[in-house]
Amino acid sequence: MMGDKAMFDEYKDYHKFRGGEKAPLSVDIPQYLLDVLPDDKDIRILDIGCGNGQMLYALKHRGYNNIYGIDLDPDAVRWANENGIDCQNIDVSEYRTECSFDFITMNHVLEHLPKKEVIGLLTHIREDLLDTDGKLMIRVPNAQAYTGCYWAYEDFTHETLYTAGSLQYILRRAGYKEVRFIDPDGTAGSRGWKKAIKRSFTYLYGKKIDFWNLMTGGSFHKPSPRIYTWELKVIAGK
């Protein structure tokens, strides 16, 4: 879990009362990540809000040598360290390093932060942590998905949700020049007829929304990408 330190202290027993448990470590990596991950196994990788180090553990088994994580949960960090993952218990806003990173991930972190902190944090990552040619990958719940505002309220620690348009805005406002959404139809890893069916139904879902917007006088911000997957995945570069 990663967010404001005071917020973490307030909700440190969240998973205990929700009945959540640490997910078992796995060596599986989603296809959308494999599609954008550099082949060079010596690149420096940082996972912000790494939890118990699941993703880093999988990357380690893929042969990546320079992997690091930070998280506010001392128990999760301790567990990750015990499993051979180099993690620190520190707030990302306070994190500094002599060497920049080639690839940084933030998986379901931004939705836990107050809006007033987000752009400053993304700027800090770009200026102080990301290499000149490095990439930042972000995943957040999608407010425009079929699940709608469910994730805004289901997880009590969430502060806000994002659409593709608002996520694009905060990254550009923080100075990122390249902002590219990946796996926008959620079919990475799907093959053949399964991929075709998913794309077909997603297309029909969008047309249904267009119809009801027409009937009710609704609209979307035209310059913003329309993505309906339950989470948004974006790559940003300097």
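The sections below set out a description of the structure shown in this document. Predicted model only: the values in this text are computed from it and were never measured.

Reading the values: the criteria
- Residues numbered from 1 in each chain as written.
- Predicted model: local features only at pLDDT ≥ 70, side-chain atom pairs only at ≥ 80, totals over all residues.
- Heavy atoms only, no water.
- Helix = DSSP H or I, 4+ residues; strand = E, 2+ residues; numbered from the N terminus.
- Buried < 20%, exposed > 50% of the residue type's maximum accessible area, 1.4 Å probe, protein only.
- Contact = heavy atoms within 4.5 Å.
- Areas by Shrake-Rupley, 256 points an atom, 1.4 Å probe, with all protein chains shown as cover.
- Salt bridge = Lys/Arg side-chain N within 4 Å of Asp/Glu carboxyl O.
- Patch = residues over 30% accessible without salt bridge, like charges linked within 9 Å, V, L, I, M, F, W, Y side chains within 5 Å.

Moving on to the overall build of the protein. When its secondary structure is counted, the protein shows 9 helices and 7 strands. The buried share of the protein, taken over its 238 residues, is 46%. When contacts within the protein are restricted to residue pairs at least 6 apart in sequence, long-range pairs at least 24 apart make up 72% of them. Summing over all exposed atoms, the protein offers an accessible surface of approximately 12,900 Å²; the carbon and sulfur share of this is 51%.

On to helix H8 (residues 164–173). All of the buried residues in H8 are Ala-164, Gly-165, Leu-167, Gln-168, Ile-170 and Leu-171. Looking one or two places after H8, you find Gly-175, whose phi comes out positive at around 100°.

The final tally for this structure, using the stated rule, is 8 salt bridges. Glu-178 is the partner of Arg-180 in a salt bridge, and the nearest nitrogen-oxygen pair spans 3.7 Å. The class for Glu-178 is partly exposed, based on a relative accessible area of 25%. Across the salt bridge formed by Arg-199 and Asp-185, the nearest N and O atoms sit 2.7 Å from each other. Here Asp-185 lies in the loop between strand E6 (178–181) and helix H9 (192–216) and Arg-199 lies in helix H9, a separation of 14 residues in the sequence. For Arg-199, a relative accessible area of 43% puts it in the partly exposed group. Residue classification places Asp-185 among the partly exposed positions, given a relative accessible area of 22%. Within the structure, one salt-bridge network assembled from shared partners comprises Lys-135, Glu-178 and Arg-180.

Let's shift gears to a nonpolar patch on the surface. Residues Trp-193, Ile-197, Phe-201, Tyr-203 and Leu-204 make up a contiguous nonpolar surface patch of roughly 630 Å² in combined accessible area. Relative to the assigned elements, Phe-201 resides in helix H9.

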